[in-house]
Structures are given as C-alpha cells and as structure tokens.
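Report on the structure
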Amino acid sequence: MIDKRTFDEQGYLVARGLFDADEATFWRDHFTRLREAGEYPGDVVGVDPSSDDPLKRYPRMIHMHRWDEIALDWLLEPRIAHALTTLLGGLEPFAVQTMLYFKPPGARGQAAHQDQFYLRVKPGTCIAAWMALDPCDEDNGCLEVLPGSHDWPVLCTIPADTRQSFTDVTVPLPDDLELVPVVMEPGDVLFFNGSLVHGSKPNRSDRFRRSLVGHYIEGDARECALWYHPALRLDGSTVELEKGVGGGACGEWVDRDGRHAIELTGVSVDPRTTE
Ligand SMILES: O=C(O)CCC(=O)C(=O)O
C-alpha cells in the first residue's frame, strides 16, 4: 500500500514487494551483463576491469534509459508511476534519470546528500524510486536516510571523506542527528523526497549491493538542471523544461536559543553534473 501520509511526514516510504523477486533478478542480471560487456554513454569515470578499486571495475551506470529499452520501460513502469502519482497527490511526475549502483564487495559508499542539490527542480522538488536488486543491509551498505529532513532547504556542502565515499561533498549534520539504515529485499522500492538527506556506507560484506534508481520531478516543475534534460512524461513523450542553473542560496546550521536551526545564509556553486 502506498501510504502518502507516512511519506509526507517522514520524507520517504518503502513499498515492500512492489516488484517480485524474479523481476528483480531479471533486471539485476540484465544490467550486470551490460556492465561486464563494456562502456556506455553516461559512464562518467570509465571502466577499468583490472583496477584495485571495486568502483572502477563496476562503476555505476547513468541515464541507461536513453539507450536501453529495458531501462526505459522500468523508468516508466506503471507500478512506479502509480506510486509516484499517489505520493505526489495525483499529479503525474516527469522522469529524468536512471542509475544502476553495483556496489561490489569493498566498494565505498556515498556520503550524505540531498538530491535536490543536483537536480535543482523549480518550483517543487524531485523524488527518487530506489529499488533493491540484492538483499540490502548494514553489512553491504544499504541506503540510509534522515527521517524528517525533507522539510529542510538545500544545505551548503562541505568536503566528504573520500576514503568512505566515492563522491567528494556531503552535508554537515549536528551531532545528535543520525541517518537510519533501510534494510530491503530485492523488488522493494524506497521512494524519497528530493530534500531528504540520505547516503550509504561502504560495502563491508562479500556480497554485491545492486540497486536500480529512477529520479523524477514534480509534474508542475518548469525547470531542472541541464544534466537531467530531456525530461519525459510517463507516456514516454518529451516535455520541454527550462535549463536551470544550479548553485545559489543554501542553508547553514546556526544555534537559535540553544537549538539547531537552518538559515539560508550560504551560497553554493553549480555542481554541473550528477550526484
Ligand atoms: O545507492 C546508494 O548508495 C546511494 C544512492 C543515492 O544517493 C541516490 O540514488 O540518490
């Protein structure tokens, strides 16, 4: 059941068993076969099968829906479309990105961030559908979220610890706020708001942690960052949006009467590409 109230309160919702295990196996095998066969448009770091870095042997794939029919069909899949439309209050979103994270054993995670920092949707925000293709748990670096952070503005970033994270920026968090792990089974889909702080730790297990991710934007948006064009309606047709420039005002933590608060006092630079 797609529980909009929980999504609105927490900023995320896990739709358990939205797809069955056989379907997840099909997508897992399809994309693993493609990855092992070569390089594709959207590979931002290239593939090096002899590298010591697991993420160079299995870098994530990006925007596969632009050249792979199976990825496009998944991005526009009616069960995802129904869930997104319900969570967004009835208005169909536009689809803008696919990604496949392989996260092999020993791979670094991704430092805590907000997707809206990259997508810069206006007005409104983005929403992600993150589907587990393997069992995802704390050992293999499942996704972690900070419940309730979806109400925050985009925070100013600071450098991330690149021994733990393959991305180099993160958001600062007060000491008493901690991300919570989201343990998932293949076929479960985590939907989360574009401002929700989320990330993942390294894979400390001997198992892959593969996930297929779609990024969408609210259907009344007029603009999003250049990297995500063209946006698609859920029937697959293209919608013309303004090419937004990233960067601009961002939030910084301040102490207000002994409590943490965020003020829009910072300015961030345009990240130019994807998260
Ligand atoms: O899968 C991960 O470890 C990170 C994914 C993520 O941050 C995203 O899809 O926005």
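Refer to the preceding data block for the structure.
Now for a quick tour of the structure.

Cut-offs used in this document
- Just so you know, the residues in each chain are numbered from 1, in the order the chain's sequence is written.
- pLDDT decides what is reported in this predicted model: residues at 70 or higher carry local features, side-chain atom pairs at 80 or more are listed and counted, and totals for whole chains, interfaces and linings draw on all residues regardless.
- Side-chain descriptors were evaluated using all non-hydrogen atoms of the structure, hydrogens and water having been removed beforehand.
- Two rings belonging to Phe, Tyr or Trp (six-membered ring only in the last case) form a pair when the distance between their centres is within 6.5 Å. Interplanar angles under 30 degrees mark stacking, angles over 60 mark edge-to-face geometry, and anything in between is tilted.
- Relative accessibility under 20% of the residue-type maximum defines a buried residue, over 50% an exposed one, and the middle range a partly exposed one, all with a 1.4 Å probe and only protein chains included.
- In this description a helix means any DSSP run of H or I spanning at least four residues, a strand means any run of E spanning at least two, and both kinds are numbered starting from the N terminus.
- Should DSSP find at least two bridges between two strands, the strands are taken to pair.
- In this description, the term disulfide denotes a pair of cysteine sulfurs within 2.5 Å.
- Salt bridges are defined by distance alone: a side-chain nitrogen of Lys or Arg within 4 Å of a carboxyl oxygen of Asp or Glu.

1. So, the packing of aromatic side chains
- This structure, assessed with the given rule, holds eight aromatic pairs.
- By the ring-pair criterion, three or more aromatic residues cluster together here, those being F19, F26 and W27.

2. Description of the pairing of strand β5 (residues 126-132)
- The buried count for β5 comes to seven of seven residues, which makes it a mostly enclosed element.
- Of the two faces of β5, the one carrying C126, A128, W130 and A132 and the one carrying I127, A129 and M131 are both buried.
- Judged from the seven bridges that link them, β5 and strand β12 (residues 211-217) form a sheet pairing that is antiparallel. By the bridge assignment, I127 is partnered in β12 with Y216.
- Where β5 meets strand β10 (residues 189-193), five bridges bridge the pair, whose relative direction is antiparallel. Paired with I127 across the bridge in β10 is N193.

3. Quick word on the state of the cysteines
- Across all of its chains, the model carries one disulfide by this definition.
- Just so you know, C126 is unpaired, no disulfide at all, and the nearest cysteine sulfur is the one on C224, 9.0 Å from it.
- Its relative accessible area of 2% is what places C126 among the buried residues.

4. Focus: the pattern of salt bridges
- Summed over the entire model, instances satisfying the criterion amount to 15 salt bridges.
- A salt bridge links R16 to D188, with the shortest nitrogen-to-oxygen separation between them at 3.2 Å. In this pair, R16 is assigned in the loop between β1 (12-15) and α2 (21-37) and D188 in the loop between β9 (180-181) and β10, connecting sequence segments 172 residues apart.
- The exposed category is assigned to R16, whose relative accessible area is 53%.

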